[in-house]
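Inside the fold
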Amino acid sequence: MKNMTPWWIRIPFFFFLIFGLMEYFIDSGAKPAFIEYPIAQFFLLMVLLILIAIELIVKSVENVLFQTLSEEAKERYLNAQTKSWEWTWGKRMYTKLLGSKSIQEEGEIILDHNYDGIRELDNKLPPWWVYLFYATILFGVVYLARFHVFNDYDQKLEYEMEIAEAQEAIEAYRKTAKDLVDVNTVTLLTDASDLSAGKAIFEASCVVCHMADGGGGIGPNLTDQYWILGGGIKNVFRTISEGGRDGKGMISWKQTLKPVEMAQVASYLLTFQGTTPANPKAAEGDLYIDENAPSESVSDSTTVALNE
């Protein structure tokens, strides 16, 4: 049987097929397997050499068998090898969908009238065009029945559904991309891992001004409900990020801490609310009440002063 594909197509095809299967089944994380595992490069090299060797062996066997043929058989074999391949089914289907007549058959559809020697052919619409037209009619009937007879969802509802799906996707992404948080999107973190990370940052950078129990020293008391620059997680995050009042107060930490780290330390220091420090500093600023959570006994607010 004649081989329809040349070697320069077969070798790359099987090579990249094996390469794709290797990448699919080998868990290499974010990096491709052939980069993460050098042994994979050796494996691919061996696969390529084996494929080339197979082609050479097959070609050699073909040549040996060719020499055993008679002269007449050799001629038939060579003619079969040089014969161009045609996609008979595809060509027949193309001709059927096109619906055109060959030049030899145009006499059957030529019209009687002529103008200055110019004759007209009575060509029918191409079948592909007719089938497509029938398909649009069928689609229109189904659409009419679905959306105007049975009152399925309309464009407004479809828009709202897509917006809701997009919002869910955004929220799911934000859960795994905390570094994208800013003052407008920051929320109070309550996970133990986040609070533990916030505590480590607080103890490393904040206790010198606020004391380990949040009672205040150089910086204000974090345990009462009075705040200089506003309370709540958003105000606390902004204060940490942008710093305190001009000329006094703490420095800006947005160049030192990542957004997620500022959210963690802000959430941790808010846990001081309602506690009793050993030596509390007098209240400073204004009383802050969280309007969004009037029933909460602890106000999510503070003004922080972090020290390098």
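Check the entry above for the structure.
Here's what I pulled together on the structure shown here. (Residues numbered from 1 in each chain as written. Predicted model: local features only at pLDDT ≥ 70, side-chain atom pairs only at ≥ 80, totals over all residues. Heavy atoms only, no water.)

Some words on a negative patch on the surface
Taken together, the side chains of Asp-154, Glu-158, Glu-160, Glu-162, Glu-165 and Glu-168 make up a negatively charged region of the molecular surface. Inspection of the secondary structure assignment puts Glu-160 in helix α7 (residues 155–175). Residue classification places Glu-160 among the partly exposed positions, given a relative accessible area of 40%. (Patch = residues over 30% accessible without salt bridge, like charges linked within 9 Å, V, L, I, M, F, W, Y side chains within 5 Å. Areas by Shrake-Rupley, 256 points an atom, 1.4 Å probe, with all protein chains shown as cover. Salt bridge = Lys/Arg side-chain N within 4 Å of Asp/Glu carboxyl O. Lys, Arg positive; Asp, Glu negative; His and termini not counted. Charge placed at Lys NZ, Arg CZ, Asp CG, Glu CD. Helix = DSSP H or I, 4+ residues; strand = E, 2+ residues; numbered from the N terminus. Buried < 20%, exposed > 50% of the residue type's maximum accessible area, 1.4 Å probe, protein only.)

Describing helix α8 (residues 192–205)
With 14 residues, α8 should reach 20 Å at 1.5 Å per residue; the first-to-last C-alpha distance of 20 Å fits that figure. For α8, the elements touching its buried residues are α9 (207–210) and α11 (259–269). (Expected span 1.5 Å × (residues − 1). Contact = heavy atoms within 4.5 Å.)

A short note on the nonpolar core
Formed by 24 residues in total, the largest nonpolar core has its most connected members in Phe-202, Ile-240 and Leu-269. Elements supplying a minimum of two residues to this core: α8, α10 (232–242) and α11. If you tally residues by element for this core, the top one is α11, at 6 residues. Setting aside its immediate chain neighbours within four residues, Phe-202 contacts Val-207, His-210, Met-211, Ala-212, Leu-222, Val-265, Tyr-268, Leu-269 and Phe-272. (Core = buried A, V, L, I, M, F, W, Y, C linked by side-chain atoms within 4.5 Å.)

A closer look at unusual backbone geometry
Positive phi is not limited to glycine here, since Asp-116 has a value of about 55°. You can see Asp-116 is positioned in the loop between β1 (110–115) and β2 (118–121). On the accessibility criterion, Asp-116 (73% relative accessible area) is exposed. Although it is not a glycine, Met-211 adopts a positive phi angle of roughly 70°. Within the element layout of this structure, Met-211 appears in the loop between α9 and β3 (226–227).

What about the packing of helix α5 (residues 88–98) against helix α6 (residues 127–149)?
Contact geometry for α5 and α6: axes closest at 5 Å, N-to-C directions at 70°. Between α5 and α6, the angle falls in the class roughly perpendicular. Of the residues in α6, those touching α5 at Lys-96, Leu-97 and Leu-98 are Pro-127, Trp-128 and Tyr-131. Of the residues that constitute the contact of α5 with α6, the class distribution is 5 nonpolar, no polar and 1 charged. (Axes fitted to C-alpha atoms, helices over the stretch in contact; angles between N-to-C directions. Parallel < 35°, antiparallel > 145°, perpendicular 65-115°, else oblique. Nonpolar A, V, L, I, M, F, W, Y, C, P; charged D, E, K, R; others polar.)

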